[in-house]
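The residues making up each chain are set out below.
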Amino acid sequence: MNQGTPEGDSDLSQRHRRELLRLLLWFTVLFSVGFIAINFSVGKYGLMAIEIAVAVFAVWLLTILPRTPNLRRWALVYMVTLLSGTMFAFASPATSITVFSWILVMPVLTHLLLGRWLGGVLSLFYLVLSASIFCWRFGTTQLMDTPGSIANIVTVTACAYLFSHVYEASRERAEQQLSVMALTDSLTGLANRTQLEQSFSRAVLQRQLPLSLVMIDLDYFKRINDEHGHATGDAVLRIIAQAMREHIRESDLACRLGGEEFCLLLPSTNPQRARRLADRLREDIETLECRHEDAVLKLTASIGVATASNPTDGLDPMLHVADQNLYRAKFAGRNCVVG
Ligand SMILES: Nc1nc2c(ncn2[C@@H]2O[C@H](COP(=O)(O)OP(=O)(O)OP(=O)(O)O)[C@@H](O)[C@H]2O)c(=O)[nH]1
């Protein structure tokens, strides 16, 4: 099951970028108000109208920011507006050479807001544009005759770009590793309960109904631990996890709830189909050949199935029904499916 947001970023990244965009929008509003006052006092009404439009846009974006699912799209619109405005300021004969120091902030903001690829490409484009404007405005001045100054500007800008890119790349990697660790069972590599809850909520939200849940519990697993050791028990759990993976579709989720208890989340699956799958999995487990030293371990599993056509009360009631059916299967002699 896909774990990211519709835009590809993780939930964590989205939260991080939303916060930064919020801060930038507040800065934009404050700066715009200041410039509106300045332009009004010097009678530059055209510029004042542009500043008013920018301020209104920033305030509107602030109101939709907490709930928009299109964060990246709006962050891109904001950055293009901001950077284009900056280019306009660079090109204006009224601005001094010091305004070009804003170049250093461009790669930092674009990478943090848009990620390493989109942010990298966008800042590269505007850096080249800034360099062209700089050459056009100051190409014939004395400054261009001092190679040391130009080398300083180019080196510092390249460092700002490179460090932002490397920082964002490693932040994205670290975040990905953390979210994998937080959502995965380390022994089997299956999803853990937190991921099950997330996938369940997503399936309900996307109306992938009816939704089925298959709960699997190995029979007499304690004996395997007692007779062959904990390491063999662990190996058996990994084999069961692999068997589960082989029975599910891309849209399903295989999960370890804890101990020797597993679960399959099957979106858009009716009770008959869920039961057929559970039966096939049970037969598969029965025929598995787990070898330990000279012995061949025989495994069986008891399975409980639950299906809901509109599970508005959340995951717990469904888990409860599947659990009750699982215990009926245990009570009925094990190695069977109930539900
Ligand atoms: N190897 C290993 N054993 C575990 C792990 N987690 C739980 N167990 C063991 O799983 C066993 C579960 O035992 P029981 O709950 O009695 O279940 P059972 O023996 O399968 O009996 P029934 O479910 O009634 O058929 C216990 O011995 C736990 O110590 C684990 O991560 N690795």
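Residues numbered from 1 in each chain as written. Predicted model: local features only at pLDDT ≥ 70, side-chain atom pairs only at ≥ 80, totals over all residues. Heavy atoms only, no water.

The protein carries the name diguanylate cyclase in an unreviewed UniProt entry, which gives Salinisphaera dokdonensis CL-ES53 as its organism. Looking at the protein in UniProt, the text filed under Catalytic activity (unreviewed entry) is "2 GTP = 3',3'-c-di-GMP + 2 diphosphate". (UniProt positions renumbered as here; feature names shortened; annotations may be inferred.)

(A) Looking closely at the site of the ligand. Taken together, 17 residues are adjacent to the ligand, and Phe221, Asp234, Arg256, Lys330 and Arg334 come closest. Here Tyr220 contributes a backbone N or O atom positioned 2.9 Å from an oxygen atom of the ligand. Measuring from an oxygen atom of the ligand, one finds a side-chain N or O atom of Glu260 at 3.0 Å. Within the complex, the protein chains bury 67% of what would otherwise be the 670 Å² of accessible surface of the ligand. Those elements giving two or more residues to the shell around the ligand turn out to be β1 (211–218), α7 (221–228) and α8 (230–247). Looking at which element gives the most residues to the shell around the ligand, the answer is α8, with four residues. (Near = heavy atom within 4 Å. Polar contact = N/O pair within 3.5 Å; in protein donor to acceptor, adjacent residues only side chain to side chain. Areas by Shrake-Rupley, 256 points an atom, 1.4 Å probe, with all protein chains shown as cover. Helix = DSSP H or I, 4+ residues; strand = E, 2+ residues; numbered from the N terminus.)

(B) Seen up close, a nonpolar patch on the surface. Together, Leu23, Phe27, Phe31, Phe35, Ile38, Val42, Trp102, Leu104, Val105 and Val156 make up a nonpolar patch on the protein surface, roughly 930 Å² of accessible area in all. With five residues, helix α1 (residues 11–41) is the largest single contributor of residues to the nonpolar patch. On the secondary structure map, Phe35 appears in helix α1. (Patch = residues over 30% accessible without salt bridge, like charges linked within 9 Å, V, L, I, M, F, W, Y side chains within 5 Å. Salt bridge = Lys/Arg side-chain N within 4 Å of Asp/Glu carboxyl O.)

(C) Main features of the domain arrangement of the protein. Once the domains are mapped, the protein shows domain 1 (11–183) and domain 2 (193–338). Using C-alpha coordinates to define each centre, domain 1 is positioned 50 Å away from domain 2. (Domains from an automatic or database assignment.)

(D) Expanded view of the side chain of Ser164. For Ser164, the location among the structural elements is in helix α5 (residues 147–183). Once residues lying within four places of it in the same chain are set aside, the contact partners of Ser164 are Pro107, Val108 and His111. (Contact = heavy atoms within 4.5 Å.)

(E) Representation of the UniProt feature "transmembrane region" (unreviewed entry) in the protein. The residues that UniProt annotates with the feature "transmembrane region" (unreviewed entry) are residues 20–40, 46–65, 77–105, 117–138 and 150–167. Span residues 20–40 is 100% helix and 0% strand, its end C-alpha atoms 30 Å apart. Taken as a whole, residues 46–65 contains 95% helix and 0% strand, while its terminal C-alpha atoms sit 29 Å from one another.

(F) View of unusual backbone geometry. Here the residue pair Leu209 and Pro210 is connected by a cis peptide bond, since its omega of -5° sits within 30 degrees of zero. Within the secondary structure, Pro210 is located in the loop between α6 (193–205) and β1. For Ser268, which is not a glycine, the phi torsion comes out positive at approximately 50°. Position of Ser268 relative to the elements: it lies in the loop between β3 (261–266) and α9 (271–287). Judged by relative accessible area, Ser268 falls into the partly exposed class, the value being 38%. Although it is not a glycine, Arg334 adopts a positive phi angle of roughly 70°. Secondary-structure assignment places Arg334 in the loop between α10 (315–331) and β7 (337–338). Exposure remark for Arg334: the relative accessible area of 27% places this residue in the partly exposed category. (Buried < 20%, exposed > 50% of the residue type's maximum accessible area, 1.4 Å probe, protein only.)

(G) Just the pairing of β1, in detail. Of all eight residues making up β1, eight are buried, and the element is well covered by its neighbours. Side chains Leu211, Leu213, Met215 and Asp217 project from β1 onto one buried face, and the interleaved Ser212, Val214, Ile216 and Leu218 project onto a second face that is buried too. For β1 and strand β6 (residues 301–308), the ladder comprises eight bridges, and the chain directions are antiparallel. Its bridge partner being in β6, Leu213 is matched across the sheet by Ala306. (Pairing = 2+ DSSP bridges.)

(H) Highlighting the environment of Asp217. Here Asp217 shows up in strand β1. The buried category is assigned to Asp217, whose relative accessible area is 5%. Residues Asp217 and Lys44, spaced 173 residues apart in sequence, show a C-alpha to C-alpha distance of 75 Å. Ignoring anything within four residues of it in the chain, the contact list for Asp217 reads Glu260, Glu261, Ala301, Ser302, Leu326 and Lys330.

(I) Representation of the packing of aromatic side chains in the model. As enumerated under the stated definition, the model contains seven aromatic pairs in all. When the centroid spacing of 6.2 Å and the interplanar angle of 65° are considered together, the rings of Phe40 and Tyr45 count as edge-to-face. Arranged with centres 5.1 Å apart and planes meeting at 80°, the rings of Trp60 and Trp74 form a pair that is edge-to-face. On the criterion of sequence distance, the pair formed by Trp60 in helix α2 (residues 45–64) and Trp74 in helix α3 (residues 71–91) is long-range, its members being 14 residues apart. Through successive ring pairs, a cluster of aromatic residues spans Phe90, Phe100, Phe134 and Phe138. Looking at Arg223, its charged tip hangs above the ring of Tyr220, at a distance of 4.2 Å from the centre. (Phe/Tyr/Trp six-rings, centres within 6.5 Å; stacked < 30°, edge-to-face > 60°. Lys NZ or Arg CZ within 6 Å of the ring centre and 35° of its normal.)

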